[in-house]
Amino acid sequence: MTTFSDLKLGPKVLRAIEETGYETPTPIQAQAIPAALEGRDILGIAQTGTGKTASFTLPMISLLARGRAKARMPRSLVLAPTRELAAQVAANFDTYAKHVKLTKALLIGGVSFKEQDQLIDKGVDVLIATPGRLLDHFERGKLLLTDVKIMVVDEADRMLDMGFIPDIERIFSLVPFTRQTLFFSATMAAEIERITNTFLSNPHRVEVARQATASESIDQFVVPFEPSRRDRAASEKRAALRAVLDGEGDKLTNGIIFCNRKIDVDAVSKSLKKHGYDAAPIHGDLDQSQRTATLDQFRAGDLKILVASDVAARGLDVPSVSHVFNFDVPSHAEDYVHRIGRTGRAGRDGKAITICSTADERNLEDVEALLEKTIPRMALPGKTPVPSADTAPAADAPEADAEAPKPRARRTRSRAKPATDEAAPATTAETAPSEAPAPQAAPEVEAVDADHDTPRVETTEREPRSRGRGGRSSRKPAEDSQATAPVRDDTRRDDTRRDDRGRGKPVVGMGDHMPTFIEKSFEERMTG
Ligand code: AMP
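Predicted model, so just to flag it, every value in this text is computed and none were measured.

**Quick notes on the overall build of the chain**
Here is step 1: On a plain count of helices and strands, the chain comes out with 15 helices and 13 strands.
Here is step 2: Counting contacts in the chain only where the partners sit at least 6 residues apart, residues at least 24 apart contribute 79% of the total.
Here is step 3: Total accessible area on the chain is roughly 21,200 Å²; 50% of this is exposed by carbon and sulfur atoms.

**Topic: the packing of aromatic side chains**
Here is step 1: Evaluation of the coordinates by the stated rule reveals 4 aromatic pairs.
Here is step 2: Taken together through their ring pairs, the aromatic side chains of Phe4, Tyr22 and Tyr96 make up a single cluster.
Here is step 3: Across from the ring centre of phenylalanine 113, 3.9 Å away, lies the NZ or CZ of arginine 133, which sits over that ring.
Here is step 4: The ring of phenylalanine 327 is capped by lysine 237, whose NZ or CZ atom sits 4.6 Å from the centre of that ring.

**Focus: the sheet that holds strand E5 (residues 150-153)**
Here is step 1: Read across the sheet, 7 strands follow the order E3-E4-E2-E5-E6-E1-E7 without closing on themselves; strand pairing throughout is parallel. Strand pairing shows two members of the sheet lacking a second neighbour, strand E3 (104-107) and strand E7 (204-207), which therefore form its edges. Strand-to-strand twist of the sheet, defined as the mean angle between neighbouring strand axes without regard to direction, takes the value 10°.
Here is step 2: Where E5 meets strand E6 (residues 180-185), 4 bridges bridge the pair, whose relative direction is parallel. By the bridge assignment, valine 153 is partnered in E6 with phenylalanine 183.
Here is step 3: Where helix H5 (residues 113-122) meets the sheet, it contacts E3 and strand E4 (126-129), and its direction lies at approximately 150° from that of E3.

**With respect to the UniProt feature "domain: DEAD-box RNA helicase Q" (unreviewed entry) in the chain**
Here is step 1: UniProt's entry tags residues 2-30 with the feature "domain: DEAD-box RNA helicase Q" (unreviewed entry), counted in the numbering of this structure.
Here is step 2: In residues 2-30, the share of helix is 48% and the share of strand is 0%. The end C-alpha atoms are 7 Å apart.

**Structural notes on the confidence of the model for the chain**
Here is step 1: Predicted confidence across the chain gives a mean pLDDT of 74, with 69% of residues reaching 70 or more.
Here is step 2: Within the model, the stretch residues 384-528 combines pLDDT values under 50 with 361 contacts to residues more than four positions away or in other chains.

**Let's talk about the environment of valine 222**
Here is step 1: With respect to the helices, strands and loops of the structure, valine 222 is situated in strand E8 (residues 218-225).
Here is step 2: Along the backbone, valine 222 and cysteine 356 are 134 residues apart, and their C-alpha atoms lie at a distance of 6.5 Å.
Here is step 3: Leave out the neighbours within four places in its chain, and valine 222 touches Thr354, Cys356, Leu364, Ile375, Pro376, Arg377 and Met378.

**Topic: the pairing of strand E1 (residues 42-45)**
Here is step 1: Going residue by residue along E1, you find Ile42 and Gly44 tucked away on one face and Leu43 and Ile45 tucked away on the opposite face as well.
Here is step 2: Bridge count for E1 against E7 is 4 bridges, and the pairing is parallel. Counted as the bridge partner of isoleucine 45 is glutamate 207 from E7.

**So, helix H8 (residues 165-174)**
Here is step 1: Of all the positions in H8, only Ile165, Asp167, Ile168, Ile171, Phe172 and Leu174 are classed as buried.
Here is step 2: Where H8 is buried, its residues contact strand E2 (76-79), helix H6 (131-139), E5, helix H7 (156-161), E6 and helix H9 (190-199).

**A short note on the nonpolar core**
Soluble globular proteins tend to bury their nonpolar side chains together.
Here is step 1: Within the largest apolar cluster, 41 residues are counted, with the highest numbers of intra-cluster contacts made by Leu58, Met60, Val78, Ile128 and Leu182.
Here is step 2: Elements with a minimum of two residues in this core: helix H1 (11-20), helix H2 (27-37), helix H3 (52-64), helix H4 (83-96), E4, E5 and E6.
Here is step 3: Among the elements that make up this core, the one with the highest residue count is H4 (7 residues).
Here is step 4: Dropping the residues within four chain positions of it, leucine 182 is found in contact with Ala36, Arg40, Ile42, Phe56, Met60, Ile150, Met151, Val152 and Val153.
Here is step 5: Counting residues in hydrophobic clusters, the runner-up holds 36 residues, among them Leu135, Met188, Ile192 and Phe199.

**What to know about the sheet that holds strand E9 (residues 255-258)**
Strand pairing in a sheet takes place through backbone hydrogen bonds and is either antiparallel or parallel in direction.
Here is step 1: In spatial order, the strands read E8-E13-E12-E9-E11-E10; together these 6 strands make up an open sheet with parallel pairing. With partners counted over all chains shown, the strands left at the sheet margins are E8 and strand E10 (279-282), one partner each. Adjacent strand axes in the sheet meet at a mean angle of 20° when their direction is disregarded.
Here is step 2: With 4 bridges joining them, E10 and strand E11 (residues 305-308) adopt parallel strand pairing.

**Comments concerning the environment of aspartate 285**
Here is step 1: Mapped onto the elements of the fold, aspartate 285 is located in the loop between E10 and helix H12 (288-300).
Here is step 2: Placed 23 residues apart in sequence, aspartate 285 and lysine 262 show a C-alpha to C-alpha distance of 8.2 Å.

**Here's the deal with unusual backbone geometry**
Here is step 1: Even without glycine at this site, asparagine 202 takes up a positive phi of about 40°.
Here is step 2: For asparagine 202, the position within the fold is in the loop between H9 and E7.
Here is step 3: Exposure remark for asparagine 202: the relative accessible area of 60% places this residue in the exposed category.

**Concerning the pairing of strand E13 (residues 350-357)**
Here is step 1: Of all 8 residues in E13, 8 are buried; the element is thus mostly enclosed.
Here is step 2: Where burial is concerned, the two faces of E13 agree: the one with Gly350, Ala352, Thr354 and Cys356 and the one with Lys351, Ile353, Ile355 and Ser357 are both buried.
Here is step 3: In the sheet, E8 pairs with E13 via 8 bridges, with the strands oriented parallel. Paired with phenylalanine 225 across the strands is serine 357, a residue of E13.

Rules of the game
Residues numbered from 1 in each chain as written. Predicted model: local features only at pLDDT ≥ 70, side-chain atom pairs only at ≥ 80, totals over all residues. Heavy atoms only, no water. Helix = DSSP H or I, 4+ residues; strand = E, 2+ residues; numbered from the N terminus. Contact = heavy atoms within 4.5 Å. Areas by Shrake-Rupley, 256 points an atom, 1.4 Å probe, with all protein chains shown as cover. Phe/Tyr/Trp six-rings, centres within 6.5 Å; stacked < 30°, edge-to-face > 60°. Lys NZ or Arg CZ within 6 Å of the ring centre and 35° of its normal. Pairing = 2+ DSSP bridges. Axes fitted to C-alpha atoms, helices over the stretch in contact; angles between N-to-C directions. UniProt positions renumbered as here; feature names shortened; annotations may be inferred. pLDDT = per-residue confidence, 0-100. Buried < 20%, exposed > 50% of the residue type's maximum accessible area, 1.4 Å probe, protein only. Core = buried A, V, L, I, M, F, W, Y, C linked by side-chain atoms within 4.5 Å.

In structure tokens, the structure reads:
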């Protein structure tokens with residue numbers, strides 16, 4: 001078996017790895033690190049959770065150990081699609097480079113330009129950035145990319161989803177032709193293939209297969225949900241969510257609730273708080289300090305429930321999350337796997353409960369087709385929402401009966417494999433699993449968020465990316481009072497994606513390694 005010392009990493013890096021507690025390299029590390037150390041381009045097809053971050057940070061630290069950065073000219077560049085992922089990469093550098101003198105800067109939206117400029121002015125070895133913020137700095141003349149020797153593109157498929165590919169292409173055109181490129185993507189969509197063919201030179205290709213077994217430590221359930229009336233659907237769904245949370249009783253030590261839309265992240269979080277739950281939202285429209293504070297609280301165990309959008313929570317490595325709840329079934333099946341992978345980490349048990357309304361059934365079929373299994377159904381714990389006087393259904397409205405939703409004919413889709421496990425057929429609502437506590441008091445229908453109960457225009461979590469060069473029509477107000485140039489925000493959409501993108505074979509990985517440093521909160525930005 002390959003050990004870290006077989007990988008030709010420098011002794012100081014090896015010491016840091018040992019102190020982190022890693023025993024053996026993960027497959028992507030074993031394959032990518034030696035080739036990266038030889039100066040080869042890497043094309044890594046791997047999901048978060050496979051150890052891919054260390055597979056590029058470790059060789060970079062060894063390669064950059066010699067040499068010094070010049071003012072405004074970083075020697076390496078790591079591009080990540082979201083602020084949180086960029087911060088996570090920066091935390092990885094902190095851990096692995098602690099015995100090496102390397103300076104670094106984190107360029108992400110929501111952080112003052114002035115402070116970031118000061119770091120860059122001094123000269124940094126490693127610049128970790130979201131694409132938008134990097135280009136903003138470049139356009140303000142504060143940054144030169146002509147000394148970049150190593151460039152990393154992390155989570156390229158997510159960059160594609162978020163419309164960052166033109167920015168990535170532009171950044172490629174600004175760094176030297178002779179640079180080394182380390183490129184990572186979970187899937188190889190046609191557009192990603194094109195980029196790699198254009199910008200990578202004879203890359204060493206490393207592909208890490210999906211880790212199907214990780215999900216075995218996660219108990220998964222679907223709670224079918226049908227509102228009594230369409231105009232009450234949203235508030236009844238929130239009541240159903242509370243019933244699900246209550247149903248978990250003390251087993252729920254902390255959890256993440258995923259919503260497909262930002263507007264629901266806010267509505268659900270607000271509603272839970274109103275009902276006395278310890279919950280806070282995280283999505284791309286919140287300012288960075290708020291997002292960081294909320295995540296730190298959650299990591300530290302000071303916040304029980306995080307209500308999140310896919311993008312804001314993607315790739316986040318928070319240990320010991322007891323539960324994941326899906327307020328909606330995600331519209332992209334792979335996101336289901338990412339979401340539930342937030343629980344059951346590092347060999348711990350986890351539970352994932354998905355509320356599935358009639359409108360979500362098609363998405364659920366996609367999820368089950370991807371998983372190649374039927375997820376067991378469980379009934380909504382407790383009684384159905386008791387309508388209060390002001391929200392009572394009209395006389396002709398059907399009775400709410402969320403405990404026993406009507407069986408619905410399930411569309412058979414060609415790619416859905418026949419169920420092979422012992423789970424109940426999808427058309428029935430089973431009784432709750434045996435460990436579910438006794439029914440709780442009937443959750444009340446709330447009227448407070450009535451404005452969300454009507455169909456609404458979906459908001460997206462990403463602003464239009466075109467700007468400056470071609471004229472930017474709409475952008476969010478600058479988050480940074482010191483900004484002198486138009487500010488590109490790296491907020492992003494959650495669930496609206498390009499329909500035309502090629503869909504590569506999903507490579508699904510859910511991390512089950514959990515080093516100690518992850519238990520500490522990450523720093524927002526750092527110097528060496
Ligand atoms: P990543 O895929 O980079 O998001 O990493 C997923 C998790 O695996 C992180 O918590 C890493 O710290 C951890 N990890 C990375 N490499 C190793 C390793 N060789 N052994 C154990 N855990 C690791």
